[in-house]
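Structure at a glance
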Amino acid sequence: MNPFKRPLSHPFFSFNYSKSTSPHSSIRNSRQTNDAFISPYPFFNLKFSGSTMPVSTPHSSSFSSFLTSKALTFPQFRTFCVKKPNPNADLSASNDVSTVSGPVHSSQAIDAGSSMRKPISLWPGMYHSPVTNALWEARSSIFEKSSDKTQDSQTELVAKTPSMSRTSIAYNFSSDYILREQYKNPWGEMRMGKLLEDLDALAGTISYKHCRNDDGATRPILLVTASVDRMVLKKPIRVDFDLKISGAVTWVGRSSMEIQLEVTQSTPDSLDPLDSVALVANFTFVARDSKTGKSAPLNQVLPETEHEKLLWREAEERNKMRKQKNAAQKKDVGDRDEDRLNALLAEGRVFCDMPALADRDSILIRDTSHENSLMCQPQQRNIHGRIFGGFLMRKASELAFSNAYAFAGAAPCFIEVDHVDFFKPVDVGNFLRFKSCVLYTELENPMKPLINVEVVAHVTRPELRCSEVSNKFYFTFTVRPEAMKEELRIRNVVPATEEEARRVLERMDAERSQ
């Protein structure tokens, strides 16, 4: 029997002690020697030397650690797969899972693995991905510098170039087994929700770098995600090839800025560097005074190269279109849209009034709905104490994926993020409800049907008997061609109410304008 109060177990080996109280007296296994225990798994062996603790002898030179404590303690190893590990995987003890490259001010790259080894006072905890943790660790150093200095938030504005805020993240998927397992979905593909989470964290870090002054300090303002424009997946992202995300501030208004992020991945079939671009995303951030909550002015951006000037003009055009869209939404639907509303509602009225005669290839929007509720925990907060926007994007993306899966009857493929709006902040302790539905489908191409999913986040306060919309997310999915069997049928979705019909028209018009 094991003389210890708490039984010791490990997935790599087992221990069986004899009557002697010494833990070194007897170690039995299918393979046993007088002074060594050989694990049946190809990670390491344990050897005993005198009265010291067992020393782990690696099977490969990439893994080694020494245990010198007198107490019987063993290191904890995280396993992600029951299969035999890839012998080429890099399982180094330093846990270097990815690298973040900063702007010209940084002397060396940020080690994303460092955030897994030590806590930071301004860092919310171990909940998020290693990349997000590393970005927040870098961001916390900015706050530590700014907290030591008193600055005027209105007068110390400087113009900065895009290169001064440019930041990149390298995902070494090809050599880092642990990182690869964290971003892999059940089908061996990229978990797009986690990638969206990292994109939001990187955009936030870039925005703070742009607001940082030359002495390294940051004015006391709050920067929050306002919206995310269309994010189209240009080619499938693989989880077994290295990935890179880079971005910079491309446009600045008075109190808002746009940050463009580019996801690139080189594969054997992408010989042209332009073919390595897998995704482009545009994030809009707004600045608020930390004391009054009102809009705060931002450092302007000075594009230098022709490419940076082109990005600035494109962002300026998007900003104008965004203002026109907001102004149009405040107006009532005109007579020209009444016919479109009635056409959309015609089939829905048949479903409601004469269900036996309804089209069997169609389904009501309300019959495609799914919902998810959660309490916002402290582990999900950002450095300002509010819920991290990337977390909300990931939860919405995963719910939209599940909704499309249940609707299509086959695992969907991510195509694009149509649009994301952040209306109100979400605080720790809020009761948050995500409601999703298939808003409409596009069936022109039978081999590539498009499924448009809407996810709306509601902050619900039962004690006040109120609920308000905090975020809206729109995603587009398709079905793999190999899954398009004869019995698989993608239905047309029809609205049953005027409010649903207006939402459909709004999204269709937004798609056409893009």
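The model shown is predicted, which means the values in this text are computed figures rather than measured ones.

The next subject is the overall build of the protein chain. A count of helices and strands for the protein chain gives 7 helices and 18 strands. For the protein chain, the residues scored as buried account for 47% of the 514 residues in total. Excluding contacts between residues fewer than 6 apart, the proportion of contacts in the protein chain whose partners are at least 24 apart in sequence is 70%. Surface exposure of the protein chain reaches about 26200 Å², of which carbon and sulfur atoms provide 52%.

Attention now goes to the packing of aromatic side chains. Describing an aromatic ring pair means giving the distance of the ring centres and the angle of the ring planes. According to the stated counting rule, one finds 11 aromatic pairs in the structure shown. Their ring planes at 85° and their centres at 5.6 Å tell us that Y171 and Y183 sit as a pair that is edge-to-face. With a gap of 12 residues between them, Y171 in strand β6 (residues 167-171) and Y183 in the loop between α2 (177-182) and α3 (192-211) connect regions that are remote in the sequence. Overall, Y171 belongs to the buried group, its relative accessible area being 0%. In this structure Y183 comes out as buried when scored by relative accessible area, which is 0%. Taken together, the ring pairs in this structure connect W187, F401, Y405, F414, F422, F473, F475 and F477 into an aromatic cluster.

Quick look at the nonpolar core now. Core analysis: the biggest nonpolar cluster contains 82 residues, and F283, F434, F473 and F475 have the highest contact counts within it. The leading source of residues in this core is α3, at 10 residues. With residues near it in sequence (within four places) discarded, F283 still touches L199, D200, A203, T225, S227, V228, M231, M257, E258, I259, L261 and M393. Residues A358, L364, V494 and A496 belong to the second largest nonpolar core, which totals 5 residues.

Another point: α3. Taking 1.5 Å of rise per residue, 20 residues should cover 28 Å, and α3 covers 29 Å from first to last C-alpha, within 8% of that figure. Across the 20 residues of α3, 20 count as buried, placing the element largely inside the fold.

Packing of α3 against helix α6 (residues 389-408) leaves a shortest axis separation of 8 Å and a crossing angle of 160°. By the criterion of interaxial angle, the relationship of α3 to α6 is roughly antiparallel. Where α3 crosses over α6, the two elements pack in a sense that is right-handed. Judged by residue contacts, G193, K194, L196, E197 and D200 of α3 engage G389, G390, F391, M393, R394 and S397 from α6. A class-by-class count of the residues in the contact of α3 with α6 yields 3 nonpolar, 4 polar and 4 charged.

Attention now moves to the pairing of strand β9 (residues 243-252). Buried residues dominate β9, accounting for 9 of its 10 residues. As defined by bridge partners, β6 adjoins β9 across 5 bridges and the pair is classed as antiparallel. Within β9, the residue paired with S168 across the bridge is S246. The hairpin turn running from β9 into strand β10 (residues 256-264), its antiparallel successor, is 3 residues long.

Our next topic: the side chain of N185. On the secondary structure map, N185 appears in the loop between α2 and α3. There is a polar contact of 2.7 Å between the side chain of N185 and the backbone nitrogen of E189.

Let us look at the pattern of salt bridges. The final tally for this structure, using the stated rule, is 20 salt bridges. Residue E197 is joined to R394 by a salt bridge in which the shortest nitrogen-to-oxygen separation is 3.1 Å. Linking E197 in helix α3 with R394 in helix α6, this pair joins segments that are 197 residues apart in sequence. Just as E197 is buried, R394 falls in that class too. Across the pair R238 and D240 runs a salt bridge whose closest N-O atoms are separated by 3.0 Å. R238 sits in the partly exposed class, given a relative accessible area of 39%. Taking the relative accessible area as the measure of exposure, D240 reaches 36% and is therefore partly exposed. Among the charged side chains, a network of salt bridges with common partners joins R191, E197, R394 and E398.

Another aspect to go through is the environment of V438. Summarising the element assignment, V438 is placed in strand β15 (residues 431-442). For the pair formed by V438 and R366, sequence separation is 72 residues and the distance between their alpha carbons is 8.5 Å. When near neighbours in sequence (up to four residues on either side) are disregarded, V438 contacts I365, T368, N403, F407, I451, N452, V453 and V493.

Within strand β14 (residues 412-422), 10 of the 11 residues are buried, which leaves it mostly tucked inside the rest of the structure. Sheet analysis places strand β7 (residues 221-228) next to β14, joined by 2 bridges and oriented antiparallel. In the sheet register, S227 faces β14, and the bridge partner there is D421. Judged from the 2 bridges that link them, strand β8 (residues 231-233) and β14 form a sheet pairing that is antiparallel. The partner of M231 across the bridge, within β14, is V417. As paired strands, β14 and strand β17 (residues 466-479) are joined by 9 bridges and run antiparallel to one another. In the strand pairing of β17, V420 is matched with F473.

Another point: unusual backbone geometry. Even without being a glycine, R465 presents a positive backbone phi close to 55°. Checked against the element boundaries, R465 lands in the loop between β16 (450-461) and β17. A relative accessible area of 81% places R465 in the exposed class.

Moving on to the confidence of the model for the protein chain. Any residue range with low pLDDT should be treated as having predicted coordinates unsuitable for detailed reading. Chain-level statistics for the protein chain give a pLDDT mean of 75 and a share of 66% at 70 or above. Across residues 1-100, where pLDDT falls below 50, the model places 163 contacts with residues more than four positions away in sequence or in other chains. Under a pLDDT of 50 for its full length, residues 150-154 has, in the predicted model, 14 contacts with residues more than four places off or in other chains.

In a regular helix each residue adds 1.5 Å, so 20 residues correspond to 28 Å; α6 covers 28 Å between its end C-alpha atoms and thus fits that length. α6 sits mainly inside the fold: 14 of its 20 residues count as buried. Just downstream of α6 lies G409, where phi reads positive at about 80°.

What counts as what
Residues numbered from 1 in each chain as written. Predicted model: local features only at pLDDT ≥ 70, side-chain atom pairs only at ≥ 80, totals over all residues. Heavy atoms only, no water. Helix = DSSP H or I, 4+ residues; strand = E, 2+ residues; numbered from the N terminus. Buried < 20%, exposed > 50% of the residue type's maximum accessible area, 1.4 Å probe, protein only. Contact = heavy atoms within 4.5 Å. Areas by Shrake-Rupley, 256 points an atom, 1.4 Å probe, with all protein chains shown as cover. Phe/Tyr/Trp six-rings, centres within 6.5 Å; stacked < 30°, edge-to-face > 60°. Core = buried A, V, L, I, M, F, W, Y, C linked by side-chain atoms within 4.5 Å. Expected span 1.5 Å × (residues − 1). Axes fitted to C-alpha atoms, helices over the stretch in contact; angles between N-to-C directions. Parallel < 35°, antiparallel > 145°, perpendicular 65-115°, else oblique. Left-handed = near helix turned anticlockwise from the far one by under 90°. Nonpolar A, V, L, I, M, F, W, Y, C, P; charged D, E, K, R; others polar. Pairing = 2+ DSSP bridges. Polar contact = N/O pair within 3.5 Å; in protein donor to acceptor, adjacent residues only side chain to side chain. Salt bridge = Lys/Arg side-chain N within 4 Å of Asp/Glu carboxyl O. pLDDT = per-residue confidence, 0-100.

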